[in-house]
Amino acid sequence: MGATRVPQMGSGPFAGLIGQAQVRRFLTVAVSSGALSQAYLFVGPPGSGKTDAAYALAAAVLCDKNGCGRCDSCVRVSRRTHPDVRFYEPDGTSTYTVSQIRDIVHDTTLAPIRGSRKIYILNRVDQLGTAAANAFLKTLEEPPDDVLFILMGRQREQVLPTIVSRCQVVPFRRIPSEEGAEMLVQLTGCGRDQARQALAACGGSVAKARTFMLTPSRREVRHRVLDVLDGLAEADDLTVLENARELLTLVKAPLDQVRAQQQQAEEESKDYLGKSALKELEKKHQRELTQREREGLGELTNIVRSWLRDLLVISSGADWSLVVNGDHDAGLRHQASHVAPGAVARAVSAVDQASARISYNVSSQLAIEAMLFKIQEVLSWPR
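Residues numbered from 1 in each chain as written. Predicted model: local features only at pLDDT ≥ 70, side-chain atom pairs only at ≥ 80, totals over all residues. Heavy atoms only, no water.

## Considerations on empty space enclosed by the protein
As a reminder, the rule being used: Of the two site types, the cavity is a set of points on a 1 Å grid over the protein atoms alone where a 1.4 Å probe fits but cannot get out, and the pocket is an open set with protein on both sides within 12 Å along at least five of seven lines, each lined by residues with an atom within 4 Å of a point. Grid points are joined across faces, edges and corners, and a volume is the space filled by probe spheres set on the points. Segments assigned H or I by DSSP are reported as helices when at least four residues long, segments assigned E as strands when at least two residues long, and all are numbered from the N terminus. Residues were grouped as follows: Ala, Val, Leu, Ile, Met, Phe, Trp, Tyr, Cys and Pro as nonpolar; Asp, Glu, Lys and Arg as charged; and all remaining residues, including Gly, as polar.
Evaluation of the coordinates by the stated rule reveals 2 cavities of 30 Å³ or more. Quantified by volume, the largest cavity comes out at close to 110 Å³. Lining of the largest cavity is provided by 14 residues; of these, Y55, R80, F87, K284 and E288 occupy positions nearest its centre. Taken together, the elements giving at least two residues each to the lining of the largest cavity come down to helix 3 (72-79), strand 2 (85-88) and helix 13 (275-315). Broken down by element, the residue count for the lining of the largest cavity peaks at 5 residues, all from helix 13. Classifying every residue of the lining of the largest cavity gives 4 nonpolar, 3 polar and 7 charged. Put simply, the second largest cavity is a space of about 70 Å³. Lining the second largest cavity are 13 residues, and of these L17, I18, S48, G49 and A207 sit closest to its centre. Residues that form the lining of the second largest cavity fall into these classes: 6 nonpolar, 6 polar and 1 charged.

Given below as structure tokens:
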């Protein structure tokens, strides 16, 4: 079989949209020609790069040179600290609330803080219910001239037709795992096994996996998570609790740098922002911290899920080439020798439940503790 052909990344503000050549061309033309819509709907599977594309579009819109990547505006957007770029996710347990949408609508009436426009990025709009959508429709159809909406969802069919009809729809394709691994090998120079491990940790997103491979601290966290799993069956309750606390500390460590950047941005803004604008900036920063923490926790659960799937492969006698975390083969083989495939499937369900709890704003500490104890129970059950 021939080598996988890796699409070229090109150049410009959208060069980082790996594996999405059509999206890259479409957005480049829209920005360069000045033919921007006031509302876009990005649809595609998790890991396809929708969020990266949204921030790239925001940078291109706010930059005087259509996304040079070097100016103060571009740097702030890339760091996700620009006060005029707002990111939202559902406040409710499974949907956007009406009050949340009304707050967004009200915010659109306020002037930009630093740039010429304000960009609102709304994730998971497939979870936008009828009542919340009705509160949003008029503003989405006729937003202020200095407002750009970028909505994101997994499938067009899951988004309310009244929302779809008011947006320019931009489809993102699913990148096959083998193609993604080949891209990552060429982009970073890593080995294929490392590429597969990074993709597993990052939910299949090539862009995030690229950053993962270039960040030693995140790769070290992965090894620590796998070390904890290797010894989980033999751990006592206190050790499990300590492991959960340690993993959460490691996941949250990068947030300290983000907080420092936010504090600097707030200090710089005090000279020209009023109290109400500063308060809005602080709220934006808190939302960003919450989003970054969820991304880190998602990486943690992805790593656990990939380890359990490896365990399922080995315990069921499937081809070893399907194993992702082969660098921890000793622990995997040991656990697989006394666990049944059906039990592993129950452990995977525990990880899914932990992810759901975190998305519902349940304490991340409690969610991770419950997940580890359930996995330990499965691993300790006699075959």
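## Describing the packing of helix 11 (residues 237-252) against helix 16 (residues 364-380)
To describe two helices that pack against each other, one gives the angle between their axes and the distance between the axes. The cut-off we apply is this: Convention adopted: a line fitted to C-alpha atoms gives each axis, helices being fitted over their contacting stretch, and angles between N-to-C directions are expressed from 0 to 180 degrees. Roughly parallel means an angle under 35 degrees; roughly antiparallel means over 145; roughly perpendicular covers 65 to 115; every other angle is labelled oblique. Two helices that cross are described as forming a left-handed crossing if the nearer one is turned anticlockwise from the farther one by less than a right angle, and a right-handed crossing if clockwise. When checking whether two residues touch, look at their non-hydrogen atoms; a contact exists if any pair is within 4.5 Å.
In the contact formed by helix 11 and helix 16, the axes pass within 9 Å of each other and the chain directions differ by 130 degrees. Between helix 11 and helix 16, the angle is such that the two are oblique. In this structure, the crossing between helix 11 and helix 16 has a hand that is right-handed. Across the interface between the two elements, D237, V240, L241, N243, A244, R245, L248 and K252 of helix 11 pack against S364, Q365, I368, E369, L372, F373 and Q376 of helix 16. Considering only residue class, the contact of helix 11 with helix 16 consists of 7 nonpolar, 4 polar and 4 charged.

## Here's the deal with the packing of helix 10 (residues 216-230) against helix 11
One way to put it is that helix 10 packs onto helix 11 with a least axis distance of 10 Å and a crossing angle of 170 degrees. By the angle between their directions, the pair helix 10 and helix 11 is classed as roughly antiparallel. Counting all contacts with helix 10, which are made through V221, R224, V225 and V228, the residues of helix 11 involved are N243, E246, L247 and L250. Its residues placed into classes, the contact of helix 10 with helix 11 shows 5 nonpolar, 1 polar and 2 charged.

## Notes on the packing of aromatic side chains
Filter applied, for reference: Aromatic rings from Phe, Tyr and Trp, taking only the six-membered ring of Trp, are treated as a pair when their centres fall within 6.5 Å; an angle between ring planes under 30 degrees marks them as stacked, one over 60 as edge-to-face, and anything in between as tilted. Think of it in three bands: residues with accessible area under 20% of the maximum for their type are buried, residues over 50% are exposed, and the middle band is partly exposed, with areas taken using a 1.4 Å probe on protein chains only. To sit over a ring, a charge needs its Lys NZ or Arg CZ within 6 Å of the ring centre and within 35 degrees of the ring normal.
Tallied over the full model, the rule gives 7 aromatic pairs. Between the aromatic rings of Y120 and F149, the centroid separation amounts to 5.5 Å while the plane-to-plane angle is 40 degrees, which identifies the pairing as tilted. Within this pair, whereas Y120 is found in strand 3 (residues 118-122), its partner F149 is found in strand 4 (residues 147-153), the two being separated by 29 residues in sequence. With respect to class, Y120 is no different from F149; both count as buried. Among the aromatic side chains, those forming a connected cluster through ring pairs are F26, Y40, F42 and F172. One Lys or Arg, R333, reaches over the ring of W320 and ends 4.1 Å from the middle of that ring.

## Remarks on the pairing of strand 3
Basically, it comes down to this: Between any two strands, at least two bridges found by DSSP are needed for them to pair. By the criterion used throughout, a crossover qualifies as right-handed when its path from the first strand across the helix to the second strand runs clockwise, the strands pointing away from the viewer.
Within strand 3, 5 of the 5 residues are buried, which leaves it mostly tucked inside the rest of the structure. Going residue by residue along strand 3, you find K118, Y120 and L122 tucked away on one face and I119 and I121 tucked away on the opposite face as well. Taken together, the 4 bridges between strand 2 and strand 3 define a ladder with parallel strand orientation. Within the sheet, the bridge partner assigned to V85 lies in strand 3 and is I119. Sheet topology note: the strand 3/strand 4 ladder contains 5 bridges and is parallel. Bridging across to strand 4, I119 finds its partner in L148. A crossover connection joins strand 3 to the parallel strand 4 through helix 5 (residues 130-141); in handedness this β-α-β unit is right-handed.

## A word on the sheet that holds strand 1 (residues 39-43)
Read across the sheet, 5 strands follow the order 2-3-4-1-5 without closing on themselves; strand pairing throughout is parallel. Since the sheet does not close on itself, it has two edges, and those belong to strand 2 and strand 5 (168-171), each with one partner. Adjacent strand axes in the sheet meet at a mean angle of 20 degrees when their direction is disregarded. Helix 5 rests against strand 1, strand 3 and strand 4 of the sheet, and its axis sits at about 130 degrees to strand 4.

## Considerations on a nonpolar patch on the surface
We apply this condition: Patch definition: residues with relative accessible area over 30% and no salt bridge; like charges joined within 9 Å; nonpolar side chains (Val, Leu, Ile, Met, Phe, Trp, Tyr) joined within 5 Å. In these tables, accessible area is a Shrake-Rupley quantity obtained with a 1.4 Å probe, and a residue counts as shielded only by the protein chains included in the view. In the sections that follow, a salt bridge refers to a side-chain nitrogen of Lys or Arg positioned within 4 Å of a carboxyl oxygen of Asp or Glu.
A cluster of nonpolar residues, Y360, V362 and L366, forms a patch on the protein surface that exposes about 280 Å² of accessible area. Among the structural elements, Y360 can be located in the loop between helix 15 (341-359) and helix 16.

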